[in-house]
Amino acid sequence: MQEHIQLTPKEINQELLSGVLGTPKWWLGLVAFLLLVFLTGAGAFGYMLNKGVGVTGLNRPIMWGFFMTNFVFWIGISHAGIMISAILRLTQAEWRRPVTRAAEVLTVFSLTAALMAAPLVHVGRPWRAALWVFPYDFGRGVWPNIRSPFIWDPAAVMTYLTASTLFVFVALIPDMAVIRDRATGKWARQIYGYLCMGWRGTPRQWKLQTVAGILLSALVLPVFVSVHSIVSWDFAINIGVDGWHSTIFAPYFIIGAIHSGVSAVTMVMALMVWLWKWDKILRPDHFDAIGRLLIIVATTWFFFFIVEFFFAIYTKEAPELALRELQIFTRPYVFLFLIFIITAYFLPVPLWMFKKVRRNVKWMFWTTVSVNVGMWLERFLIFVPSLARKTPLEFNWGTYHPSIIEMLMVAATFAWVAMGMLLFSKVFPLIPIFDIKEGMIVRDEVKIGRAIVPASIRE
Amino acid sequence: MAGENWGMIVDVDKCIGCQACVVACQSENNIPINEEKHFNERRAIEWIRVERYWEGEFPDVKARFIPIMCQHCGDAPCEPVCPVFATYRNDEGLNVQIYNRCIGTRFCSNNCPYHVRFFNFWEPEWPESLHNQLNPDVTVRSRGIMEKCTFCIQRIRRTKRTASRAGADATDEEFERSLDPACVNACPTETLYFGDFNDPESKVSAMKEKESKRDGRAYTMLENLGTNPGVIYLKKIDKHAEDVAHG
């Protein structure tokens, strides 16, 4: 394809190692700013630790608010990694090559953000949770209650975190060898030397690395469906909350996660084009491909959204109707609902239908930002109004106003992920060098009739 | 499983909404004073509360009262969701909360359809003058943990001890008052009855049997959820409401 630029291996090295071997001008300032935001959130957490959960806006019917919303949001974003690197690798989609590493790293950092957002921070006694649950004190003879989704949840998330860290690491080995060979400092050479575990690029090593990659992709597939299913069961098993107690939650959450996750990867792609000027590698083609994927994912998500909604109101049960009334017609939720439905579906998807939009970095960036705003609100609108209209006991219906403390801590998770990605980009290339080189080698063109179509060579 | 199956019968027909049970519970169980701001923040802790519902249009308005406390469900939704076994059903038919284990995930509160599990958002505080009022038999709960109605388990324990010293049985009639939870003792209209459903001789068993018949008034709250509550409500006898309902 004419818009693909053929680069020599040397040029690829220079392009992609620009962030590692040198430091872009904006890098330090941006990291410092994000660190400040993160530390503010950490300070807010310290304040909460000191005073008690009372500093949040939580109250009796609404025991889970911003923290849980944020937790589910970040778990959702983390689905990007598996979608891009496992599914697209197994289906041999060529365009995934420059995106895989960013997606996997995003996965790792968003999982840590998710772990920060809820399990420890939102509990009443984090010190108890930290010292008694991790590691669990079996000496007391009380085992964890494996019937609780809060036991399944860490198990699933930790499995996912382990798998995606391995993913990142296996793909990093050849690239770290490249850095080892080019690093000038003694320490840097040694550290990268240790990390790449004696990589010399022999055929056997390449074979093992490829096999490991494919094996990990295949083994991680169950995690693809299990993580968010289990996260959804935190909510779906609640018989006490009418709005949550629904069997559709698991697939609905998974597809929602892919929707926001793939959108987040598109955001990261756009940022890589702008910040590191990698426009020779990330071509409009890539945005086009991910845009088409997004149309499918978004529409499937929308289907589940509609199904969940209509099945809920089909029964015409009073609590369910009261919940929907609050969610859709009552201020302030009506505004949130409108913003959510427009930004998550009705704004971006029609735009993505146009090829011009899909091939334009700016448009893709802003539409995917919009999707993520919408998907954050979607989680909020599922969790909070459902709790506010929990059961037919109207006497206890309530409402929720998040406090500034919660907002700061939510902002801190965003800063944490962005900062993590930036720090990673300083130490390792954010686009897999070997993968791009491989892509350049296998790239070919096939003549079909008069048209020349891009293709790739396969054994 | 041997042992008792403690339970309660609430005769809604007799409730006048005086809140004596609420006050009795607060002082018996060391519950911090609920001020107006606690109610406005919806963080007030009331192990038993009297819910008030208005019925009808002005001027024909009626206030309906229903006391709601932990239902001590046989199949409690709060129990399986606790990751640390802070809440479980003991062999006396009580749903008990172990404060030391609780880490405060608040999952149980979300899953409780009756809204009867309370979270300590702050460290509990009492005015200086009330420091000597605290009940020594009841733990003062720290912040960050859940708490709820225990059916005054301290009274059950104490009565059992006293009874066994006297060589008697805790369910004997002479111990009835000391066995009853604070709310039952405080109720001026005898709305609340406490007893052992496993004991066929007990008053509550007799009432349950009588009221569970076809014309009886017994029902359990949110029966459709299948929680199998240990609290049985007797519905209001209301000529007016029946007239409205049947035209």
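Quick caveat: nothing in here was measured; it's all calculated off a predicted structure. (Residues numbered from 1 in each chain as written. Chains lettered and ligands numbered in written order. Predicted model: local features only at pLDDT ≥ 70, side-chain atom pairs only at ≥ 80, totals over all residues.)

(A) Quick peek at the overall build of chain A. Across its full length, chain A holds 19 helices and 2 strands. A globule of 459 residues ought to have a C-alpha radius of gyration of about 23 Å, and chain A, at 23 Å, matches this closely. The C-alpha extent of chain A, read off along each of the three principal axes, is 70 × 60 × 40 Å. Burial status across chain A gives 46% buried among its 459 residues. The long-range share in chain A, meaning contacts at least 24 apart out of those at least 6 apart in sequence, stands at 80%. (Helix = DSSP H or I, 4+ residues; strand = E, 2+ residues; numbered from the N terminus. Rg over C-alpha atoms; globule rule 2.2 N^0.38 Å. Buried ≥ 20, exposed ≤ 12 C-beta atoms within 10 Å, placed from the backbone. Contact = placed C-beta atoms within 7 Å.)

(B) Spatial organisation of the overall build of chain B. Of regular secondary structure, chain B possesses 9 helices and 10 strands. The globule rule puts the C-alpha radius of gyration for 247 residues at 18 Å, and the 19 Å found for chain B is close to it.

(C) Here's a closer look at the pairing of strand S8 (residues 192–196) of chain B. Residue and element names in this part refer to chain B. The element S8 is extensively covered by neighbouring structure, given that 5 of its 5 residues are classed as buried. Of the two faces of S8, the one lined by Leu 192, Phe 194 and Asp 196 and the one lined by Tyr 193 and Gly 195 are each fully buried. Bridging between strand S1 (residues 6–11) and S8 involves 5 bridges; their strand directions are antiparallel. Bridge pairing in S8 links Met 8 to Phe 194. (Pairing = 2+ DSSP bridges.)

(D) Summary view of the sheet that holds S8(B). All names here are of chain B. Read across the open sheet, the 4 strands follow the order S8-S1-S10-S9; overall the sheet is mixed. A single partner strand is all that each edge strand has here, and the edge strands are S8 and strand S9 (218–219). Relative to the sheet, helix H8 (residues 203–211) contacts S1, S8, S9 and strand S10 (231–234), its axis offset from that of S8 by approximately 110°. (Axes fitted to C-alpha atoms, helices over the stretch in contact; angles between N-to-C directions.)

(E) The pairing of S10(B), seen in detail. Residues and elements named next belong to chain B. The two faces of S10 match: Val 231 and Tyr 233 on one face and Ile 232 and Leu 234 on the other face are all buried. As paired elements, S9 and S10 share 2 bridges and run antiparallel to each other. Across the sheet, Tyr 219 pairs through a bridge with Tyr 233, a residue of S10.

(F) Summary view of the interface of chain B and chain A. Counting from both sides, the interface comprises 33 residues of chain B and, opposite them, 34 residues of chain A. Of all the secondary structure elements, the ones that give two or more residues to the side of chain B that touches chain A are strand S2 (49–55), helix H3 (78–81) and helix H4 (107–111) of chain B. Considering every element that reaches the side of chain B that touches chain A, the biggest residue donor is H4(B), with 4 residues. The class makeup of the residues in the side of chain B that touches chain A is 18 nonpolar, 7 polar and 8 charged. (Nonpolar A, V, L, I, M, F, W, Y, C, P; charged D, E, K, R; others polar.)

(G) Molecular detail of the environment of Leu58(A). Residues and elements named next belong to chain A. Inspection of the secondary structure assignment puts Leu 58 in the loop between helix H3 (25–51) and helix H4 (66–90). Separated by 16 residues in sequence, Leu 58 and Trp 74 have C-alpha atoms that sit 21 Å apart. Those residues in contact with Leu 58 that lie beyond four places of it in its chain are Val 53, Met 63 and Gly 65.

(H) Geometry of helix H10 (residues 221–236) of chain A. Helix length check: H10(A) (16 residues) gives 23 Å between terminal C-alpha atoms against 22 Å at 1.5 Å per residue, within 8%. Along H10(A), the positions that sit buried rather than exposed are Val223(A), Phe224(A), Val227(A), His228(A), Ile230(A), Val231(A), Ser232(A), Asp234(A), Phe235(A) and Ala236(A). (Expected span 1.5 Å × (residues − 1).)

(I) Quick look at the environment of Asp137(B). Residue and element names in this part refer to chain B. Of note, Asp 137 is situated in the loop between strand S6 (118–119) and strand S7 (146–147). Residue Asp 137 is classed as partly exposed on the basis of its C-beta count, with 14 C-beta atoms lying within 10 Å. For the pair formed by Asp 137 and Glu 28, sequence separation is 109 residues and the distance between their alpha carbons is 9.0 Å.

(J) Expanded view of the environment of Phe107(B). By secondary structure assignment, the location of Phe107(B) is in helix H4. Expressed as a C-alpha distance, the spacing of Phe107(B) and Glu79(B), which sit 28 residues apart in the sequence, is 9.6 Å. Beyond its immediate chain neighbours, meaning those up to four positions away, Phe107(B) contacts Phe150(A), Val81(B) and Cys82(B).

(K) Spotlight on helix H1 (residues 9–16) of chain A. Residues and elements named next belong to chain A. Ile 12, Asn 13, Glu 15 and Leu 16 are the residues of H1 that are buried. Down the axis of H1, the buried side of the element spans an arc of 165°, and every buried residue falls inside it. Check the buried side of H1 and you find it contacts helix H2 (18–21), helix H7 (149–182) and helix H19 (433–442). (Arc of directions from axis to C-beta.)

(L) Structural detail: the nonpolar core. All names here are of chain A. By size, the foremost hydrophobic cluster in this structure holds 190 residues, and its most contacted members are Ala 102, Leu 106, Val 265 and Met 269. Considering each element in turn, this core owes the most residues, 16 residues, to helix H11 (residues 249–275). When near neighbours in sequence (up to four residues on either side) are disregarded, Met 269 contacts Val 99, Ala 102, Leu 282, His 286 and Phe 287. (Core = buried A, V, L, I, M, F, W, Y, C linked by C-beta atoms within 7 Å.)

(M) Layout of the packing of helix H5 (residues 100–117) of chain A against H7(A). All names here are of chain A. Contact pair H5 / H7: the axes reach a minimum separation of 9 Å and the direction vectors enclose 150°. When the interaxial angle is binned, H5 and H7 end up roughly antiparallel. Between H5 and H7 lies a crossing whose hand is left-handed. Each of Thr 100, Arg 101, Glu 104, Val 105, Thr 107, Val 108, Leu 111, Ala 114 and Leu 115 in H5 lies in contact with H7, whose residues at this interface are Val 157, Tyr 160, Leu 161, Ser 164, Thr 165, Phe 167, Val 168 and Ala 171. Its residues placed into classes, the contact of H5 with H7 shows 11 nonpolar, 4 polar and 2 charged. (Parallel < 35°, antiparallel > 145°, perpendicular 65-115°, else oblique. Left-handed = near helix turned anticlockwise from the far one by under 90°.)

(N) View of the confidence of the model for chain B. The predicted model of chain B averages 89 in pLDDT, with 96% of residues at 70 or higher. At the level of chain-chain contacts, confidence expressed as ipTM amounts to 0.89, with global pTM at 0.92. (pLDDT = per-residue confidence, 0-100.)

(O) Local environment of unusual backbone geometry. For the bond running from Arg331(A) to Pro332(A), omega is 0°, close enough to zero to count as cis. You can see Pro332(A) is positioned in the loop between helix H13 (318–329) and helix H14 (333–346). At the junction of Phe58(B) and Pro59(B), the peptide bond is cis and its omega measures out at 5° in the coordinates. Checked against the element boundaries, Pro59(B) lands in the loop between S2 and strand S3 (62–68). A positive phi angle, close to 45°, is found at His72(B), a residue other than glycine.

(P) A look at the packing of H7(A) against helix H9 (residues 203–219) of chain A. All names here are of chain A. Two elements in contact, H7 and H9, have axes separated by 10 Å at closest approach and are oriented at 160°. Classified by the interaxial angle, the pair formed by H7 and H9 is roughly antiparallel. Like other packed secondary-structure pairs, H7 and H9 cross with a definite hand, here left-handed. Across the interface between the two elements, Ala 163, Leu 166, Phe 167, Val 170, Ala 171, Ile 173 and Pro 174 of H7 pack against Gln 209, Ala 212, Gly 213 and Leu 216 of H9.

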